[in-house]
Amino acid sequence: MGNSGVLADSSVDYDAKEAAIIVAATAWVIAIGSVAIAALMICGWKGAKSVVIDWLHGKATFMCR
Amino acid sequence: MDFFTESLGIIHAGDVVSLAPRLQVRQRMLFDHANGARHIISGKARDVLNVLGKGIEVSQWYAYSIASGLTDSEWMELIDFLNSIGGIAIRRTRKAQVQIIVQRTRWRLQGVTLQSHASRFPATHRAIAIAVSQAMSQLAVLTIFVSMLSIIAGMPSYALLSLFCISILWFTTIVHEYMHVVISKSSNHTPVIIVRGLRLGIVHHQLSRKRNILSALMGPLMGIVSAAILGLIGWAIDAHVVAEASRVVCIFHAASWLPSYGDGQALSKEITSFRKGYSYEKTTTTSTQRRRTTGPA
């Protein structure tokens with residue numbers, strides 16, 4: 001029994017199990033946000049007309065307005 | 001920053017705290033009826049937990065705990081333990097909620113990350129929707145921000161895609177969780193849902209191997225199927241952004257089967273224990289056969 005005066009039942013598991021879905025979605029939204037920020041940095045306030053991302057070669061092409 | 005916030009970040013002065021649903025203090029035990037856990041508690045801790053019954057204001061609870069003989073660190077560790085099992089229900093006013101969100105954001109920007117409160121919800125239709133909404137609230141704020149940024153950057157299609165994605169994700173995650181709850185309830189147990197920040201999980205009694213595998217397979221599968229149906233509807237009505245968003249959401253649900261995450265972890269655990277059991281059975285059978293063959297003729 002620790003300082004808390006509680007001896008936890010070690011036979012049960014309280015891990016929250018569904019992290020993957022929402023964490024993956026958060027990562028995806030952050031990725032989109034990063035592309036938007038990159039477009040603003042490269043093209044300025046006018047923004048980009050289109051963005052082509054080549055995931056295989058890690059290259060992104062921004063067509064500015 | 002007040003004393004309670006500074007030490008834990010879970011509860012704040014002015015909060016009314018109580019024991020979460022499906023938890024019960026009896027004699028020297030804290031029973032969790034959601035998963036059948038029996039936590040052993042000391043006499044002092046029992047008295048302190050007993051007063052939580054109908055809800056008590058944090059400063060009153062603290063005063064009672066100190067009067068019962070708990071030291072500050074013991075009291076904090078008790079709260080820490082309760083939070084680890086989603087055992088504290090907190091009631092606070094809307095104004096206090098907003099103030100705390102603003103405060104926490106400010107501290108996070110300064111590099112101070114406080115513990116988040118683990119909320120426990122009963123496994124009802126409405127509660128599942130509330131739990132999923134709570135887990136996704138930060139993501140929703142982020143999505144709105146990113147969508148605005150995408151519009152400013154001249155990429156409205158990205159904004160639309162993000163907004164559809166989060167809406168489809170919200171609906172299909174409810175379906176995903178609902179499937180876990182249904183399978184758990186089918187073995188006559190009443191599970192609970194625990195939400196910790198972005199993480200959300202169903203706490204239930206130990207299921208049979210068959211049901212556990214079924215639950216780990218069917219949850220993500222129902223998420224994928226419901227996203228695929230929405231995608232097909234989008235495709236049929238020429239709303240290609242819906243079809244595209246559904247495809248992304250299908251990938252997110254499939255990610256639940258990765259061995260490092262919940263459903264995938266449960267599956268790999270069951271497969272490993274099945275293999276161990278199988279190899280044990282095989283060894284036992286082989287040695288029995290050997291005994292039979294090497295026994296006296």
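Here, every reference points to the structure presented above.
The following refers to the structure shown. Because the structure is a prediction, the values reported are computed rather than measured.

How each quantity is defined
- Residues numbered from 1 in each chain as written.
- Chains lettered and ligands numbered in written order.
- Predicted model: local features only at pLDDT ≥ 70, side-chain atom pairs only at ≥ 80, totals over all residues.
- Heavy atoms only, no water.
- Helix = DSSP H or I, 4+ residues; strand = E, 2+ residues; numbered from the N terminus.
- Buried < 20%, exposed > 50% of the residue type's maximum accessible area, 1.4 Å probe, protein only.
- Contact = heavy atoms within 4.5 Å.
- Salt bridge = Lys/Arg side-chain N within 4 Å of Asp/Glu carboxyl O.
- Buried area = accessible area lost by both parts, 1.4 Å probe.
- Nonpolar A, V, L, I, M, F, W, Y, C, P; charged D, E, K, R; others polar.
- Pairing = 2+ DSSP bridges.

## Concerning the overall build of chain B
Thought 1: For chain B, the helix and strand inventory stands at ten helices and nine strands.
Thought 2: In chain B, which comprises 297 residues, the proportion classed as buried is 43%.
Thought 3: Put simply, of all contacts in chain B between residues at least 6 apart along the chain, 66% involve residues at least 24 apart.

## Looking at the pattern of salt bridges
Residues and elements named next belong to chain B.
Thought 1: For the coordinates displayed, the defined rule picks out five salt bridges over all chains.
Thought 2: Of the charged contacts, one joins Arg120 and Asp32 as a salt bridge, the two residues approaching to 2.8 Å between their closest N and O atoms. Of this pair, Arg120 sits in strand 7 (residues 118-122) while Asp32 sits in strand 3 (residues 29-32), placing them 88 residues apart in sequence.
Thought 3: Arg120 sits in the buried class, given a relative accessible area of 8%.

## Quick notes on the interface of chain B and chain A
Thought 1: Contact residues are listed per partner, giving 56 residues for chain B and 38 residues for chain A.
Thought 2: Both faces considered, chain B and chain A share a buried interface measuring about 4,100 Å² in area, 69% of it formed by carbon and sulfur atoms.
Thought 3: Taken together, the links from chain B to chain A amount to zero salt bridges.
Thought 4: Grouping the amino acids of the side of chain B that touches chain A by side-chain chemistry returns 28 nonpolar, 18 polar and ten charged.
Thought 5: As paired elements, strand 1 (residues 6-7) of chain A and strand 4 (residues 37-41) of chain B share two bridges and run antiparallel to each other. Paired with Val6(A) across the strands is Ile41(B), a residue of strand 4 of chain B.

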